[in-house]
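Summary of the model geometry
Here is how the chains run, residue by residue.
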Amino acid sequence: MEQKLLNKAENEAQDRAIKQVAAMLQRPDQLDKVEQYRRRIARKKASVEARLKAAVQSQLDGVKTGLNQMTEALKEVKDIKTNMTSVDEMYISCGSLSDKMRDIKDISAQHRQLATAMENLKHIFGVPEEVGKARDLIKEGQLLQAHKVLTDLEASRDDLLYEQHKLDNQSESDIKQLQAYFSEAVVLSDELGETLWKVLSKALMTVRKDSTSLVTVLRIVEREQRTDTKLMEQESNSGFLPPGRPKRWREKAMETLKRAVEDKVDSDVYDTREADKMWLVRHLEILRKNVLDDLRVVKFLCVPCFPATYNIFEQFVHWFHLALTNHLQNIISDGLEGNEIISLLTWLNGYTGKDLMGHIELASTLDTNKLPPLLDDSVSERLMQSYFETTQTNMLSWTSKSLEQDAADWMRDEEPETDVDGYYRTSLPVILFQMIQQTIQVAQTISDTLKQRVLSVCIEEMNKFVRSYAEAIVSYKEEHFKDRELPHYYPLYMVAATNNCEAFSDFATKMERENQAKSPPDEYEDEENPFAEKESLAAQFCREMDNVAKASCGYLLDEVFIDLKPHIESLFQRGWLNDRTAIDTICVTIEDYYTDYVHLKRRFFDWIMMEAERRIVVEYLRGALGRRMKLNNASDRMKAGEKLLQEQQMLSSLFRKLAASDANAISPCEALIPIAEVIRLQDKTMMPLELSGLVNKYNDATVDQMQALLAMRGDFSATEAREMAIEAAEAIEVRNPRKESIYSLAATPTGSLSTSQPAANIINQSIFSRFNL
């Protein structure tokens, strides 16, 4: 097999050599270099053979060295085997030695016990005396000396018990007798421990007056800790552990300090809610001061007294944190009201601030970022939800009571107060929005999230308030119309209530602007931000308040038109042609009520004056188009037309004077001019032209209205009047699209001088339906 592999390798080498020679001798001119090629290959061959020889020689040297080492190892193994055999023989020869030495071993053990007894003899006979001495030292406050006596007693007992432990035939009765004899040492240890715990329980007070006693206690504790450690190690080696060990006084000391912190936090006796509404604020402030003072004492007075391994400052911070958590949980479980919840949440927000844990004197050693929250997120969320619900209830109560009080003030027998500009008002808007603003500001001190939730509640209650306010105004109006003598200042308080609507809107807009200015963009989701809607709730509130204001203005006008009702009904009656009583009374009445209206806010004043003018013109149109009289001759028609033009001028001048309107503005009174022209027209053939002019300007005038107007003239038959009216209406419909004007209002059923129902509809349709109320 090996020969085949060798032959195969030789053949492969020959093939490669042939290929290599063929590659070198491909051209005739390369034959001249044959000798050069031969020498190059000879050099390479010599180099390869030299490396091969060196490698083989190196392998041979290594094998030789290995063989020598194996020979030496074999020799050493044989020597070890010989020595082990000798050792075995020696052990076998010593087998009976232990039996021969047993007596000596027993005597040695007895000697050690006696030696130990001799060393502890004075303690054995002096146990009662030493215990009494130690107790006297404890009473005198010499704790270190007392502990030294206790240590000696325990050492004597432990030595004697250890000697008993080492005996092969231990005597349980001897052990029990020793333990009983030294039982007072156990009692003494407990008494000394109680004394130490009393000192530690008052450590924060003691260290301020006398740090030496605290240091003494800590030294004793550390000595006992070292003794515990030493005896525990001894137990692992010998299996013996003295009774009462380990004492674990260090753990007991730390537990005592922790319990002292808990007692200190819970020790403050606070007033009840019935005795002091600010009980929680006072209690939390006392807690803050006490905790801060105690932590400063720990840092500057306790830290130098305690061993560094205690990390005593961090421990006290942890203990106070846990104690505060438990204490606050107990307060919460007892139940908190709205403002109390805010007081607690505010205190929690300031817990890591500069007034407590983040105080400048503590900042160097206390990282407040590592402090966990005092209350779990679930507890904080329940508190916020409780405050949220309480706020909602309080807002409803506040708005209801404020509105009730304001509505009661409307019944007073004195004029309402005015602002600096002379506009009547009441204090309701200021009171209401001060409460809202204060509630939002308080919520903002807790978190922006709570602020947004409270703000949503406030906006929701404001929008509910719109309905309540509207209902109060309606009720006030209805009560007045039962006896128009009461309340005496009804128009003035209705003016004040109307002006309040603008004040409400101004406050809502201001609140919206302030909220948007303080809230970072995109910080809150739309459902949390009540101002993030396409039309904000504040804008809706303002719009609804404007509707309430307009309805209130309508109620004011109802008062006017009830006074004017008999005079308005006399328009276009037979006596109207020769009597100025109606127009004079209308003008005087409007001027009289004007003295009340001037105390309206400007935009409400402009609206009510425009509406008053519009209503009067509507009543004139209803009278002219109501077939109340028939003019039988040209003289009456001329007189009626001239009188209507004269009264139109009086009304237009009156409202232009009172309302100080733009001279170029179109007055509703101009709608009476075409009526007058139609009435006084003498040439009947020109009537189509007059009617065409009327419907060209007021193309919502109906055929029935024009027919009624012609019927009043008395010189057109019913057929002629209708044909002429239809012809005029059809001509206008072809040229111009229909536009509603004051004629459309005049087309409503007559006999309704009061607009209280439309005003109520404004409130009901635009406010109540929006909120599904």
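Residues numbered from 1 in each chain as written. Predicted model: local features only at pLDDT ≥ 70, side-chain atom pairs only at ≥ 80, totals over all residues. Heavy atoms only, no water.

1. Things to note about the overall build of the chain
The condition is simple: Only DSSP runs of H or I covering at least 4 residues are called helices, and only runs of E covering at least 2 are called strands; the numbering of each starts at the N terminus. Relative accessibility decides the category of a residue: with a 1.4 Å probe and only protein chains considered, values under 20% of the type maximum give buried, values over 50% give exposed, and everything between is partly exposed. Note on areas: Shrake-Rupley with a 1.4 Å probe; residue coverage comes only from the protein chains shown.
A tally of helices and strands in the chain yields 28 helices and 2 strands. Burial status across the chain gives 41% buried among its 773 residues. In the structure as shown, the chain presents an accessible area of about 43200 Å², 53% of it carried by carbon and sulfur atoms.

2. A word on empty space enclosed by the protein
Cut-off, in case you're wondering: Here a cavity denotes a set of grid points, spaced 1 Å apart and computed over the protein atoms alone, in which a 1.4 Å probe fits but from which it cannot get out, and a pocket denotes an open set meeting protein on both sides within 12 Å along at least five of seven lines; residues with an atom within 4 Å of a point are reported as lining. Grid points are joined across faces, edges and corners, and a volume is the space filled by probe spheres set on the points. In this count, Pro and Cys sit with the nonpolar residues alongside Ala, Val, Leu, Ile, Met, Phe, Trp and Tyr, while Asp, Glu, Lys and Arg are called charged and the others, Gly among them, polar.
By the definition in use, this model includes 2 cavities of 30 Å³ or more. Lining the second largest cavity, in full, are Lys264, Val265, Leu287, Asn290, Val291, Asp294 and Phe320. Elements represented by at least two residues in the lining of the second largest cavity include exactly α11 (249–266) and α12 (279–302). Broken down by element, the lining of the second largest cavity gets its largest block of residues, 4 residues, from α12. Partitioned by chemical class, the residues of the lining of the second largest cavity number 4 nonpolar, 1 polar and 2 charged.

3. Structural notes on the packing of aromatic side chains
Formally: We call Phe, Tyr and Trp rings a pair once their centres come within 6.5 Å, taking the six-membered ring for Trp, and we label the pair stacked below 30 degrees between planes, edge-to-face above 60, and tilted otherwise. Throughout this description, the term charge over a ring refers to an Arg CZ or Lys NZ atom that lies within 6 Å of the ring centre and within 35 degrees of the ring normal.
Considering all chains together, one arrives at 19 aromatic pairs under this definition. Relative to tyrosine 476, the ring of tryptophan 410 lies with its centre 5.2 Å away and its plane at 55°, an arrangement referred to as tilted. Linking tryptophan 410 in the loop between α15 (377–409) and β1 (417–418) with tyrosine 476 in helix α17 (residues 448–482), this pair joins segments that are 66 residues apart in sequence. The residues tryptophan 410 and tyrosine 476 share a single accessibility class, namely buried. Relative to tyrosine 490, the ring of phenylalanine 481 has its centre 6.3 Å away and its plane inclined at 55°; by these criteria the two rings are tilted. The cationic tip of lysine 247 hangs over the ring face of tryptophan 249; the distance from NZ or CZ to the ring centre is 4.8 Å. One cation-aromatic arrangement involves lysine 684 over phenylalanine 716; the distance from NZ or CZ to the ring centre is 4.6 Å.

4. Some words on unusual backbone geometry
Put simply, arginine 245 and proline 246 share a cis peptide bond, and its omega is -5°. Looking at the secondary structure, you find proline 246 in the loop between α10 (211–238) and α11. The omega torsion across leucine 486 and proline 487 is -15°, close enough to zero to call that bond cis. Mapped onto the elements, proline 487 comes out in the loop between α17 and α18 (490–518). Phi is positive for phenylalanine 572, close to 60°, though the residue is something other than glycine. Within the element layout of this structure, phenylalanine 572 appears in the loop between α19 (537–569) and α20 (581–597). A positive phi angle, close to 55°, is found at arginine 627, a residue other than glycine. For arginine 627, the position within the fold is in the loop between α21 (602–624) and α22 (634–659).

5. Regarding helix α16 (residues 428–444)
Filter applied, for reference: How far a helix is expected to stretch is found by multiplying one less than its residue total by 1.5 Å. The arc in question is formed by the directions pointing from the helix axis toward the C-beta atoms.
Spanning 17 residues, α16 covers 24 Å between terminal C-alpha atoms, matching the ideal 24 Å at 1.5 Å per step. Taken as a whole, α16 has its buried residues at Leu428, Pro429, Leu432, Phe433, Met435, Ile436, Thr439, Ile440 and Ala443. One face of α16 carries all of its buried residues, which in axial projection span an arc of 150°.

6. Observations regarding the pattern of salt bridges
Note the cut-off: Salt-bridge detection follows one rule: a side-chain nitrogen of Lys or Arg within 4 Å of a carboxyl oxygen of Asp or Glu.
Here the structure, examined in full by the defined rule, presents 44 salt bridges. Where glutamate 224 meets arginine 245, a salt bridge forms, and the shortest distance between an N and an O atom there is 2.7 Å. With glutamate 224 in helix α10 and arginine 245 in the loop between α10 and α11, this residue pair connects regions lying 21 residues apart in the sequence. In this structure, glutamate 224 and arginine 245 share a single accessibility class: buried. One salt bridge in this structure joins aspartate 606 and arginine 602, with 3.1 Å as the shortest N-O distance. Taken as a pair, aspartate 606 and arginine 602 lie in helix α21 at a separation of 4 residues, close to a single helical turn. Owing to a relative accessible area of 32%, aspartate 606 belongs among the partly exposed residues under this scheme. Given the relative accessible area of 44%, arginine 602 is considered partly exposed. Residues joined in a network through salt bridges with shared partners are Glu154, Glu224, Asp228, Arg245 and Lys247.

7. Quick notes on the packing of α19 against α21
The following threshold applies: Here, axes are lines fitted to C-alpha atoms. For helices the fit covers the stretch in contact, and angles between N-to-C directions go from 0 to 180 degrees. Angle categories are assigned with fixed cut-offs, so that under 35 degrees is roughly parallel, over 145 is roughly antiparallel, 65 to 115 is roughly perpendicular, and the rest are oblique. Crossings are classed by handedness, with left-handed meaning an anticlockwise turn of the near helix from the far one by less than a right angle and right-handed meaning a clockwise turn. Here, residues are in contact when the closest pair of their heavy atoms is within 4.5 Å.
It is at 10 Å that the axes of α19 and α21 come closest, and there the two elements cross at 40°. Between α19 and α21, the angle falls in the class oblique. For the element pair α19 and α21, the recorded crossing hand is right-handed. Residues Asp546, Ala549, Lys550, Cys553, Gly554, Leu556, Leu557, Asp558, Phe561 and Ile568 of α19 pack against Arg603, Phe604, Trp607, Ile608, Glu611, Ala612, Arg615, Ile616 and Glu619 of α21. When grouped by side-chain class, the residues that make up the contact of α19 with α21 number 11 nonpolar, 1 polar and 7 charged.

8. Quick notes on a negative patch on the surface
Stated formally: Patches were defined on residues exceeding 30% relative accessible area and lacking a salt bridge, with like-charge contacts within 9 Å and nonpolar side-chain contacts (Val, Leu, Ile, Met, Phe, Trp, Tyr) within 5 Å. Lys and Arg are tallied as positive, Asp and Glu as negative. Neither His nor the chain termini are counted. By convention, charge coordinates are those of NZ in Lys, CZ in Arg, CG in Asp, or CD in Glu.
Taken together, Glu720, Glu723, Glu727 and Glu730 make up a surface patch of like negative charges. By secondary structure assignment, the location of glutamate 730 is in helix α26 (residues 718–735).

9. Some details on the environment of arginine 296
Inspection of the secondary structure assignment puts arginine 296 in helix α12. On the accessibility criterion, arginine 296 (29% relative accessible area) is partly exposed. Sequence separation of arginine 296 and histidine 359 is 63 residues, and the distance between their C-alpha atoms is 9.5 Å. Not counting the four nearest positions on each side in its chain, arginine 296 is found in contact with Leu301, Glu361 and Leu362.

10. Observations regarding the confidence of the model for the chain
What counts, and what does not: Each residue carries a pLDDT score, the predictor's own confidence in it, on a scale running from 0 to 100.
With 88% of its residues at a pLDDT of 70 or more, the chain shows a mean pLDDT of 83. Of the regions scoring below 50 in pLDDT, residues 521–527 engages in 7 contacts with residues more than four places distant in sequence or in other chains. In this model, residues 750–773 is a region of pLDDT below 50 whose contacts with residues beyond four sequence positions or in other chains number 43 contacts.

11. Considering α19
Spelled out, the test is: To get the bend at a given residue, fit one axis to the seven residues ending there, fit another to the seven starting there, and take the angle between those axes.
If you check α19, its first and last C-alpha atoms are 45 Å apart, about what 33 residues at 1.5 Å a residue would give, namely 48 Å. Residue aspartate 563 marks the point of greatest curvature in α19, where the axis turns by about 50°; the proline proline 566 follows within four residues.

12. Thoughts on the side chain of glutamate 224
Short version of the rule: We define a polar contact as two N or O atoms separated by no more than 3.5 Å, with the added condition that, inside protein, one atom must be a possible hydrogen donor and the other a possible acceptor, whereas residues neighbouring each other in sequence contribute only through side-chain atom pairs.
The exposure class of glutamate 224 is buried, given its relative accessible area of 2%. Among the polar contacts listed, one links the side chain of glutamate 224 to the side chain of arginine 245, at a separation of 2.7 Å. If we skip the residues at most four places from it in the chain, glutamate 224 touches His147, Glu154, Arg245, Lys247 and Trp249.

13. A look at the state of the cysteines
Chemically, a disulfide is nothing more than a covalent bond linking the sulfur atoms of two cysteines. Selection rule: Sulfur atoms of two cysteines make up a disulfide when they are within 2.5 Å.
Using the criterion set out here, one finds 0 disulfides in the structure. Unpaired in this structure, cysteine 302 has its nearest cysteine sulfur neighbour in cysteine 305, at a distance of 6.4 Å. What makes cysteine 302 buried here is its relative accessible area of 0%. No disulfide involves cysteine 501; its nearest neighbouring cysteine sulfur is the one of cysteine 553, lying 8.4 Å away. With a relative accessible area of 0%, cysteine 501 lands in the buried category.

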